[in-house]
Amino acid sequence: MITEEATRAVPVPAPPHPADDRPRRRRSRAWDEAPRWQIYVPLSLYLLFTLVPFYWILLFALRRPGSTSLVPWPVTFEHFAKVWNEREFGVYFQNSVLTGVATLLLTTLVALAGGYALARFEFRIKRGFMIALLCTQFVPGALLLVPLFQIFAELRMINSLASVIIAETVFQLPLSMILISGFIRNVPYSLEEAAWVDGCNRFTGFRIVVLPLLRPGLIAVGSFAFVHAWNHFLFALMFLSDQSKQTIPVGLNTLMSADSVDLGALAAGGIIAAVPVVIVFAFIQKWLITGFGAGAVKG
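Note that the structure is a prediction, hence the values are computed from the model and not measured.

**Comments concerning the packing of helix H4 (residues 89–120) against helix H10 (residues 215–231)**
Across the interface, H4 lies against H10 with an axial gap of 8 Å and an inter-helix angle of 140°. Viewed along their axes, H4 and H10 adopt a mutual orientation that is oblique. Of the two possible hands of crossing, H4 and H10 adopt the one that is right-handed. Contacts between H4 and H10 pair Phe93, Ser96, Val97, Thr99, Gly100, Val101, Thr103, Leu104, Thr107, Thr108 and Leu112 from the former with Leu218, Gly222, Ala225, Phe226, Ala229 and Trp230 from the latter. The residue makeup of the contact of H4 with H10, split by class, is ten nonpolar, seven polar and no charged.

**Describing the side chain of Thr103**
You can see Thr103 is positioned in helix H4. Within the structure, the side chain of Thr103 is placed 2.7 Å from the backbone oxygen of Thr99, a separation counted as a polar contact. Excluding anything up to four places from it in sequence, Thr103 contacts Ile165, Glu168, Thr169, Ala225 and Ala229.

**Describing the side chain of Thr169**
Its place among the elements puts Thr169 in helix H7 (residues 161–185). What makes Thr169 buried here is its relative accessible area of 7%.

**Some remarks on the packing of aromatic side chains**
Per the stated rule, a full pass over the model turns up 13 aromatic pairs. Seen from their ring centres, Phe171 and Phe235 are 6.2 Å apart, and the 80° between their planes marks the pair as edge-to-face. Of the two residues, Phe171 is situated in helix H7 and Phe235 in helix H11 (residues 234–239); the sequence distance between them amounts to 64 residues. For Phe171, a relative accessible area of 24% puts it in the partly exposed group. Residue Phe235 is classed as buried on the basis of its relative accessible area of 0%. Clustering of aromatic rings is evident, with ring pairs tying together Phe149, Phe152, Phe171, Phe235 and Phe239. The ring centre of Phe60 lies 4.7 Å from the NZ or CZ of Arg63, which sits over that ring.

**Comments concerning the pattern of salt bridges**
By the definition in use, this model includes two salt bridges. Across the pair Glu192 and Arg120 runs a salt bridge whose closest N-O atoms are separated by 2.6 Å. Here Glu192, found in helix H8 (residues 189–197), pairs with Arg120, found in helix H4; they are 72 residues apart in sequence, far enough to count as distant. Comparing Glu192 with Arg120 shows no difference in burial state: the two are buried. Residues Lys126 and Glu122 are paired through a salt bridge, measuring 3.3 Å at the closest nitrogen-oxygen approach. Exposure remark for Lys126: the relative accessible area of 11% places this residue in the buried category. Judged by relative accessible area, Glu122 falls into the exposed class, the value being 68%.

The rules behind the values
- Residues numbered from 1 in each chain as written.
- Predicted model: local features only at pLDDT ≥ 70, side-chain atom pairs only at ≥ 80, totals over all residues.
- Heavy atoms only, no water.
- Axes fitted to C-alpha atoms, helices over the stretch in contact; angles between N-to-C directions.
- Helix = DSSP H or I, 4+ residues; strand = E, 2+ residues; numbered from the N terminus.
- Parallel < 35°, antiparallel > 145°, perpendicular 65-115°, else oblique.
- Left-handed = near helix turned anticlockwise from the far one by under 90°.
- Contact = heavy atoms within 4.5 Å.
- Nonpolar A, V, L, I, M, F, W, Y, C, P; charged D, E, K, R; others polar.
- Polar contact = N/O pair within 3.5 Å; in protein donor to acceptor, adjacent residues only side chain to side chain.
- Buried < 20%, exposed > 50% of the residue type's maximum accessible area, 1.4 Å probe, protein only.
- Phe/Tyr/Trp six-rings, centres within 6.5 Å; stacked < 30°, edge-to-face > 60°.
- Lys NZ or Arg CZ within 6 Å of the ring centre and 35° of its normal.
- Salt bridge = Lys/Arg side-chain N within 4 Å of Asp/Glu carboxyl O.

Written out as structure tokens, the structure is:
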């Protein structure tokens, strides 16, 4: 007679895995793999080298005038109020924003048209034109001051923000055209042809099909143009004589004199100049890296 206890399944322990009996060994490092300390130590030193100047700027901007403490406590915003109200940094900030945004728009629009022509059309002097664009990158901006000043003087554009905007756009166009032409080459030409078959002309097909795919590249080129126009000192110094039309880099220069330097005000002005650029790059970092990677192709 079979009892109920006999019908129950008796759990049988699984045999131990052969690998469990072996002692665990530490993964051996490949012959070409560097130890971790050789990676982290240089990176830590570089990070320290980079962050110490930023802390020093914050220290001078936030601590009280005349203080020698290495910790900005109690925190004061007296230097920020001084440069914004007494030194007219509000006007400088507005002029810099106007110059940067206008340079961004002009550079992007003109470079988009020129980059499309370089990417999609074939003409005799195309190779020579590309070499000329590359050669312009070796010309320093100081060499352009005299001819640009003469041109703007003839056009009566001296002491006008338009002169700085045009000069910044001209200086940024060669590299921007080369980058955008690389972005457009990555877009298959068959997509445009399909749009033409559906009844679109060249401009409509470009606007509907190609332009949305160029967003990372346009953001990369536009941000590069904006940051350069925001930080550029030379053109604003030479073409603008009225203090109410100066930009932030020239405004920072006014805080330094031959006799003394107001370190607190200078540090506060530097933070005001840096914060907008840091915020912009924090939002567009993903598209910026993708855009520069997509444009770095062989033409």
